[in-house]
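One letter stands for each residue in the lines below.
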Amino acid sequence: MNAGIPLSYFLILAAVMFFTGIYGFLTRRNLITILMSVELILNSVNINFLALNRYLFPHKLEGFFFSLFIITVAAAEAAVAIALIINIYRRFTTINVEDVNIMKY
Amino acid sequence: MTDFNYTLWIFLIPFLVFILLGLAGHRLKARISGLLGTAALGVVTVLSYITAYFYYFRTAGINDVFRKITVFDSTWLHFTDTLEIKMGILLDPISVMMLIVISTVSLMVHIYSLGYMKGEKGFERYYSFLSLFAFSMMGLVVATNIFQMYIFWELVGISSYLLIGFYYQKPEAVRASKKAFIVTRFADLGFLIGILLLSFNTRTFDFSVLTDPQGTAIAHSSGISFLGLSVTTWSMILVYLGGVGKSAMFPFHIWLPDAMEGPTPVSALIHAATMVVAGVYLVARMFPVYFFAAPAALEIVAWIGAFSSLFAAIIACTQTDIKRVLAYSTISQIGYMMLALGVSGYGGHDGLGFMASMFHLFTHAMFKALLFLCAGAIIHAVHSNFMIDMGGLRKYLPLTHLTFLIACLAISGIPPFSGFFSKDEILAAAFHHNKVLFFIEYAVAGITAFYMFRLYFTVFRGEDRHYHTVPHEAPPTMTIPLIILATAAAFSGFIPFSKLVTSDGKAFQTHIEWGIAIPSVLIATTGIGTAYVMYVRNPSLPGRIISIFKHSYKLALNKFYIDEMYLFITKKIIFRYISEPVAWFDRHIVDGTMNALAIVTQVVSFRIREFQSGQLQKYAFFFISGTILLALTLIYLLH
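Every residue gets a number counted from 1 within its own chain, in the order that chain's sequence is written. Note on labels: chains are lettered from A, ligands numbered from 1, in written order. Residue-level local features of this predicted model are given only where pLDDT is at least 70; pairs of side-chain atoms are given and counted only at 80 or more, and the full residue set underlies all totals for whole chains, interfaces and linings. With hydrogens and water set aside, each side-chain value is computed from the structure's full complement of heavy atoms.

### A short note on the overall build of chain A
Here is step 1 of the chain: Each helix and strand in chain A was counted, giving 3 helices and 0 strands.
Here is step 2 of the chain: Runs of H or I in DSSP of at least four residues are treated as helices and runs of E of at least two as strands, each being numbered from the N terminus. Shown N-terminal to C-terminal, the secondary structure of chain A runs as helices and strands in the order α-α-α.
Here is step 3 of the chain: The globule rule puts the C-alpha radius of gyration for 105 residues at 13 Å, and the 17 Å found for chain A is more than 25% above it.
Here is step 4 of the chain: Seen along its three principal axes, the alpha-carbon backbone of chain A occupies a region of about 55 × 25 × 25 Å.
Here is step 5 of the chain: Any residue under 20% of the maximum accessible area for its type is buried, any over 50% is exposed, and the rest in between are partly exposed; the area is computed with a 1.4 Å probe on protein chains only. The buried share among the 105 residues of chain A stands at 24%.
Here is step 6 of the chain: Residues count as neighbours in contact if any of their non-hydrogen atoms are within 4.5 Å of one another. Sequence separation of 24 or more characterises 60% of the internal contacts of chain A that already satisfy a separation of 6 or more.
Here is step 7 of the chain: Note that accessible areas follow from Shrake-Rupley with a 1.4 Å probe, and for residues the cover is restricted to the protein chains shown. For chain A, the accessible surface area stands at approximately 7200 Å², while carbon and sulfur atoms represent 73% of it.
Here is step 8 of the chain: Charge assignment: positive for Lys and Arg, negative for Asp and Glu; neither His nor the chain ends contribute. Where a charge sits is defined by one atom per residue type, namely NZ (Lys), CZ (Arg), CG (Asp) or CD (Glu). With 7 positive and 5 negative side-chain charges, chain A shows a separation of 2 Å between the mean positions of the two kinds. Two things to know: the radius of gyration comes from C-alpha atoms, and the globule rule equals 2.2 Å times the number of residues to the power 0.38.

### Section: the overall build of chain B
Here is step 1 of the chain: Per the secondary structure count, chain B includes 26 helices and 4 strands.
Here is step 2 of the chain: Judged by the C-alpha coordinates and their principal axes, chain B covers about 110 × 65 × 50 Å.
Here is step 3 of the chain: Restricting to contacts in chain B with at least 6 residues of sequence separation, those with at least 24 account for 80%.
Here is step 4 of the chain: Taken as a whole, chain B presents about 27100 Å² of accessible surface, with 70% of it coming from carbon and sulfur.

### Things to note about the packing of aromatic side chains
All names here are of chain B.
Here is step 1 of the chain: Any two rings among Phe, Tyr and Trp, with Trp reduced to its six-membered ring, count as a pair given centres within 6.5 Å; such a pair is stacked if its planes are under 30 degrees apart, edge-to-face if over 60, and tilted if neither. Tallying each qualifying case throughout the model produces 52 aromatic pairs over all chains.
Here is step 2 of the chain: With 5.4 Å between their ring centres and 55° between their planes, phenylalanine 362 and phenylalanine 497 make a pair best called tilted. Of this pair, phenylalanine 362 sits in helix H16 (residues 352-382) while phenylalanine 497 sits in helix H21 (residues 497-500), placing them 135 residues apart in sequence. Each member of the pair, phenylalanine 362 as well as phenylalanine 497, is classed as buried.
Here is step 3 of the chain: Put simply, the rings of Phe4, Tyr6, Tyr53, Phe54, Tyr55, Tyr56, Phe57 and Phe66 touch in pairs and so form one group of aromatic residues.
Here is step 4 of the chain: Residue placement shows arginine 285 over the ring face of phenylalanine 207; its charged tip is 5.3 Å from the ring centre.
Here is step 5 of the chain: Lysine 435 extends its terminal NZ or CZ atom over the ring of phenylalanine 431, reaching a point 4.4 Å from the ring centre. Consider the ring centre and the ring normal. A charge sits over the ring if Lys NZ or Arg CZ is within 6 Å of that centre and within 35 degrees of that normal.

### Examining the nonpolar core
Here is step 1 of the chain: Here, nonpolar core refers to any group of buried Ala, Val, Leu, Ile, Met, Phe, Trp, Tyr and Cys residues whose side-chain atoms link them within 4.5 Å. Formed by 215 residues in total, the largest nonpolar core has its most connected members in Met286(B), Tyr290(B), Met358(B) and Ile378(B).
Here is step 2 of the chain: If you tally residues by element for this core, the top one is H16(B), at 23 residues.
Here is step 3 of the chain: Residues contacting Met358(B), with those up to four places away along its chain left out, are Ile94(B), Met97(B), Val280(B), Ala284(B), Phe497(B) and Val501(B).
Here is step 4 of the chain: Counting residues in each nonpolar core, the second largest holds 12 residues, with Leu35(A), Ala81(A), Val97(A) and Ile624(B) among its members.

### Focus: the interface of chain A and chain B
It is common to report an interface's size as the accessible area lost on association of the parts.
Here is step 1 of the chain: Contacts between chain A and chain B engage 15 residues on the former and 13 residues on the latter.
Here is step 2 of the chain: Summed over both partners, the interface of chain A with chain B comes to about 1100 Å²; 62% of that surface belongs to carbon and sulfur atoms.
Here is step 3 of the chain: Put simply, a salt bridge is a Lys or Arg side-chain nitrogen that is within 4 Å of an Asp or Glu carboxyl oxygen. The interface formed by chain A and chain B holds 0 salt bridges in total.
Here is step 4 of the chain: Polar contact criterion, stated in full: a pair of N or O atoms within 3.5 Å, where within protein one must be able to donate a hydrogen and the other to accept it, and residues adjacent in sequence count only if both atoms are side-chain atoms. One can count 3 residue pairs in polar contact (both at pLDDT 80 or more) joining chain A with chain B. Buried area: the accessible area, evaluated with a 1.4 Å probe, that two parts lose upon being put together, summed over both parts.

### Brief notes about helix H3 (residues 62-92) of chain A
Residue and element names in this part refer to chain A.
Here is step 1 of the chain: A rise of 1.5 Å per residue sets the reference length of H3, with its 31 residues, at 45 Å; its end C-alpha atoms lie 43 Å apart and thus fit the reference within 8%.
Here is step 2 of the chain: Burial in H3 covers these residues: Gly63, Ser67, Ile70, Ala74, Ala81 and Ile85.
Here is step 3 of the chain: Where H3 is buried, its residues touch helix H2 (31-56).
Here is step 4 of the chain: Backbone geometry just after H3 places threonine 93 at a positive phi near 50°. Residue count minus one, scaled by 1.5 Å, sets the expected span of a helix.

### Here's the deal with unusual backbone geometry
Residues and elements named next belong to chain B.
Here is step 1 of the chain: Cis geometry is adopted by the peptide bond preceding proline 251, which originates at phenylalanine 250 and carries an omega value of 0°.
Here is step 2 of the chain: Summarising the element assignment, proline 251 is placed in the loop between helix H9 (231-246) and helix H10 (255-258).
Here is step 3 of the chain: The peptide bond linking proline 415 to proline 416 adopts the cis configuration, its omega dihedral lying at 5°.
Here is step 4 of the chain: Relative to the helices and strands, proline 416 is located in the loop between helix H17 (398-412) and helix H18 (418-433).
Here is step 5 of the chain: Residues other than glycine seldom take positive phi values, yet arginine 203 does so here, at roughly 65°.
Here is step 6 of the chain: Here arginine 203 shows up in the loop between helix H6 (171-202) and helix H7 (207-210).

### Here's the deal with the environment of Cys408(B)
All names here are of chain B.
Here is step 1 of the chain: Following the sequence through the fold, cysteine 408 ends up in helix H17.
Here is step 2 of the chain: The spacing of cysteine 408 and serine 208 is 200 residues in sequence and 39 Å in space, taken between C-alpha atoms.
Here is step 3 of the chain: Setting aside its immediate chain neighbours within four residues, cysteine 408 contacts Leu371, Met452, Phe453 and Tyr456.

### Things to note about a nonpolar patch on the surface
Here is step 1 of the chain: Note on patches: the residues involved have over 30% relative accessible area and no salt bridge, like charges join within 9 Å, and the nonpolar side chains Val, Leu, Ile, Met, Phe, Trp and Tyr join within 5 Å. Residues Phe568(B), Ile569(B), Ile573(B), Ile574(B), Phe575(B), Tyr577(B), Ile578(B) and Val582(B) make up a contiguous nonpolar surface patch of about 770 Å² in total accessible area.
Here is step 2 of the chain: Looking at where Ile578(B) falls in the secondary structure, it is placed in helix H25 (residues 562-608).

### Examining the environment of Ile146(B)
All names here are of chain B.
Here is step 1 of the chain: Among the structural elements, isoleucine 146 can be located in helix H5 (residues 146-164).
Here is step 2 of the chain: We classify isoleucine 146 as buried; its relative accessible area is 1%.
Here is step 3 of the chain: Separated by 64 residues in sequence, isoleucine 146 and leucine 210 have C-alpha atoms that sit 9.3 Å apart.
Here is step 4 of the chain: Setting aside residues no more than four positions away along its own chain, isoleucine 146 makes contact with Phe191, Ile195, Leu198, Phe205, Phe207 and Met286.

### Some remarks on the pairing of strand E2 (residues 84-91) of chain B
Residues and elements named next belong to chain B.
Here is step 1 of the chain: With 6 of 8 residues buried, E2 lies mostly within the body of the structure.
Here is step 2 of the chain: Strand direction decides the pairing type here: strand E1 (residues 69-78) and E2, joined by 8 bridges, are antiparallel. Among the inter-strand pairings, phenylalanine 72 is bridged to a residue of E2, identified as isoleucine 89.
Here is step 3 of the chain: Where E1 hands over to E2, the hairpin turn is made up of 5 residues, counted between the paired strands. A pair of strands is treated as paired once DSSP finds two or more bridges between them.

### Points about the side chain of Thr448(B)
Residue and element names in this part refer to chain B.
Here is step 1 of the chain: When you line up the elements, threonine 448 lands in helix H19 (residues 435-460).
Here is step 2 of the chain: Looking at threonine 448, the relative accessible area reads 0%, which means it is buried.
Here is step 3 of the chain: Leaving out residues up to four positions away in the same chain, threonine 448 has contacts with Ser332, Gln333, Ile411 and Lys423.

### Side note on the pattern of salt bridges
All names here are of chain B.
Here is step 1 of the chain: Counted by the stated rule, this structure contains 9 salt bridges over all chains.
Here is step 2 of the chain: Residue aspartate 258 pairs with arginine 324 through a salt bridge whose shortest N-O separation is 3.5 Å. Taken together, the residues span a long stretch of sequence, with aspartate 258 in helix H10 and arginine 324 in helix H15 (residues 322-342) at a distance of 66 residues. Judged on exposure class, the residue aspartate 258 and its partner arginine 324 are both buried.
Here is step 3 of the chain: Of the charged contacts, one joins lysine 506 and aspartate 504 as a salt bridge, the two residues approaching to 3.8 Å between their closest N and O atoms.

By themselves, these are just geometric observations and shouldn't be taken as functional.
Here it is in structure tokens:
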């Protein structure tokens, strides 16, 4: 049914998504964008889980469950993150991450 | 009443009172805490007398031998099966006698202090310290093993320290308390090493094993030797060193005269009657070990005692502070007791010296406590310690005068007062052992009579000094103890000590050796006569004599410069050549290492603190690059 697509394609896709997420996380200054990058990373991991489960252990379901969990946790995490960002905005009137730097020596 | 379980309360009650007054004393009224302490000690005294009655006359004297009774002996610290430290109560003739001495003098001092210390700041503190002292001293004398004795030995040291420094706002008092503590502590180091050596050799701390003449401890004690003396002898010399410190024998006597900075009743209790004789008690307690296993150490005991008694008696003749005269006289009298132990044999009439020493300890406690309490009454009346401020007090303080006179006669050895009997036994014991020691003590007896009556004549006879207020007799709380102690000082010589307190527990017959007693009384009378001529008949005579013997007088007045020698040795030698290099090493090498570590850490952390920039993405960058690096390393290592 999926004979046409080899496993490595999925893995390459996931890796690309992962590093795009990392790149976005490190370079963007807007907290919302950073949050989106984190979502990207999580989803790349999801793809990895699903693909590896499907190709290597077709009769097991752990990978699927894991990705379900990740989706749930990601949703909760997004809610918390948004709440934090709103509070940061109230405190600093900006969501630029470079201006939120009072936690230092 | 013959199981003696109640003796536990003899030392528990003072302890409880100490805790109570120490913790809650400031909430009580001063007078109430004083009365509480006194009442508790009254109970202790009654218990001690009951113990003594049942011990001497009911229980122990079966077959005319006083047994050692161990009331209880429970394990206090358990290390291994062979090494454990116990706490308990041991009753034997000397410990029961000490209970009587301590409780009697303590009670007198407690009552006396109600008057003497009235209105002093820290009244309840004073009574809590007195209770602590009573507790520790009782624990010391009833100790079942040498380690328990050591623990309580240190406790009496600390109570003495606290009480000497009672007027802690007076710099001299603070200095004196420190001096007393450090000097005795130094001697106690010897004691501790002695205990360890002895118990290592004999495998026991227990007195009943150690001091059993037929026991294994004494039999096993000979053996290895060091510098010509057996290890047991060395350990007994070291143990005696502790006694030298506590009993203020030469050369550790320097703390006792300074300890007179404490309140006078404390001097009477601790520095005259009870604590300072702990050294004598220690030697008496270990006597069989000394006699059978370490005769050389016993010889040292005798000579140090004799030398101290002569030395202190000479100094006492020149001192001008009434309490210091008494302090030196204490040293001198304790020297007598040490000498008596040193010349004693064991068992029966041979143990005459042992018996005489304990006898003298008993009578001395009574008359010396009396002398100090009288001195307190005198100081109370004229507000000065110096003999120059006193004179003609006979008509102002009739009762103090009478009791002081009794005490002076007792200490000079005039019959029928108590000192005569005990001193006579000591002289007799010395006569049969060593003639040199005997003649030293003869001389000391004369000097003793001289300086005591010098004190008596200058204080009570002579002309009136200029008093700010007319001196008046002390209140009844102070005079009643004087009367009781005067009775004891006068009549305690008639107690048949040789029937009760002997080296092996067996009674023996003594009789006064008139060949020794009559000359000693004559010598004492000569001393008194000399004092009378010098200080009553011809008051200009002492000045003339002093100008003839200027140098030796100055030497004795300055206590033979022993204090200065100590200062020289400590300041000029120990401090300069040991302490200062050590301090330098500490300051520069030890502290230097630590400081270098701190400085390096500080510099490094200043450099790397830039990493903590507060920039979230920088942190994330470091984290991720670290992870990637780690992942790469793992991949490289696994392939």
